[in-house]
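Each chain is listed here by its residues.
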Amino acid sequence: MSSSASRLKKHCKTPAEVITVRVRNESGTKRIQIKPSADWADLIVQFRAVFSVPTETLTVSLDPKGESCVPMGTRKRLSQLGIENGTMLYLKISPGSANTRDDGNEMDCSSPMETSSA
């Protein structure tokens, strides 16, 4: 095997090693690659790095209207939240506290999201 082929093989990740989570906010869509075994806290660390904002200003939802927000303190694995390769998350970065919708009303993110198991 040539040295360039060997280097390419080392840097390529198989689909089982990472998943891509798409994150949309007012400035566009970004992609975050993370291990499928990661938990919510691991993804939040990636949000902070990619968007350069403190956690307190983030609200993350599974829908564009922000009605299915994920509580920041949850310790669930991404798979338990229904987050898999290609999932689109909606991120709101607010200057005030997290979990505030555009209309000024607070989102109810106090209890962990429940997902149906199929």
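Residues numbered from 1 in each chain as written. Predicted model: local features only at pLDDT ≥ 70, side-chain atom pairs only at ≥ 80, totals over all residues. Heavy atoms only, no water.

Student: Can you lay out the overall build of the chain for me, pointing to particular residues and giving the numbers?
Tutor: Looking only at helices and strands, the chain features two helices and four strands. Tracing the chain from N to C terminus, the helices and strands come up as α-β-β-α-β-β. Expressed as a percentage of its 118 residues, the buried residues of the chain come to 37%. Taking all contacts inside the chain whose residues are at least 6 apart in sequence as the whole, residues at least 24 apart take part in 61%. Accessible surface for the chain amounts to roughly 7500 Å². Of this, 49% is attributable to carbon and sulfur atoms. (Helix = DSSP H or I, 4+ residues; strand = E, 2+ residues; numbered from the N terminus. Buried < 20%, exposed > 50% of the residue type's maximum accessible area, 1.4 Å probe, protein only. Contact = heavy atoms within 4.5 Å. Areas by Shrake-Rupley, 256 points an atom, 1.4 Å probe, with all protein chains shown as cover.)

Student: So what's going on with the sheet that holds strand β2 (residues 28–34)? Which residues, and what values?
Tutor: Overall, mixed pairing links the four strands, which are arranged β2-β1-β4-β3 in an open sheet. Since the sheet does not close on itself, it has two edges, and those belong to β2 and β3 (58–61), each with one partner. On average, each strand axis in the sheet is tilted by 30 degrees relative to the strand beside it, whichever way the strands run. Note: β3 against strand β4 (residues 88–93), four bridges, orientation antiparallel. (Pairing = 2+ DSSP bridges. Axes fitted to C-alpha atoms, helices over the stretch in contact; angles between N-to-C directions.)

Student: Explain the environment of Val60 to me, using residue names and the numbers behind them.
Tutor: With respect to the helices and strands, the residue Val60 is situated in strand β3. Taking C-alpha positions, Val60 is 5.8 Å from Val70, a pair spaced 10 residues apart along the chain. Apart from residues lying up to four places away in sequence, Val60 is in contact with Trp40, Phe47, Ser68, Cys69, Val70, Met72, Leu89, Tyr90 and Leu91.

Student: Could you give me a rundown of the nonpolar core, with the residues and numbers involved?
Tutor: Looking at soluble globular proteins, one finds that nonpolar side chains tend to be buried together. In terms of nonpolar packing, the biggest core is built from 20 residues, with Trp40, Leu43, Phe47, Leu78 and Leu89 touching the most fellow members. Breaking this core down by element, the ones donating at least two residues are β1 (19–25), β2, α2 (40–51), β3 and β4. Sort the elements by how many residues they give to this core and α2 lands first, with five residues. When near neighbours in sequence (up to four residues on either side) are disregarded, Leu89 contacts Val21, Arg22, Val23, Arg24, Trp40, Leu43, Phe47, Val60, Ser61, Leu62 and Ile83. (Core = buried A, V, L, I, M, F, W, Y, C linked by side-chain atoms within 4.5 Å.)

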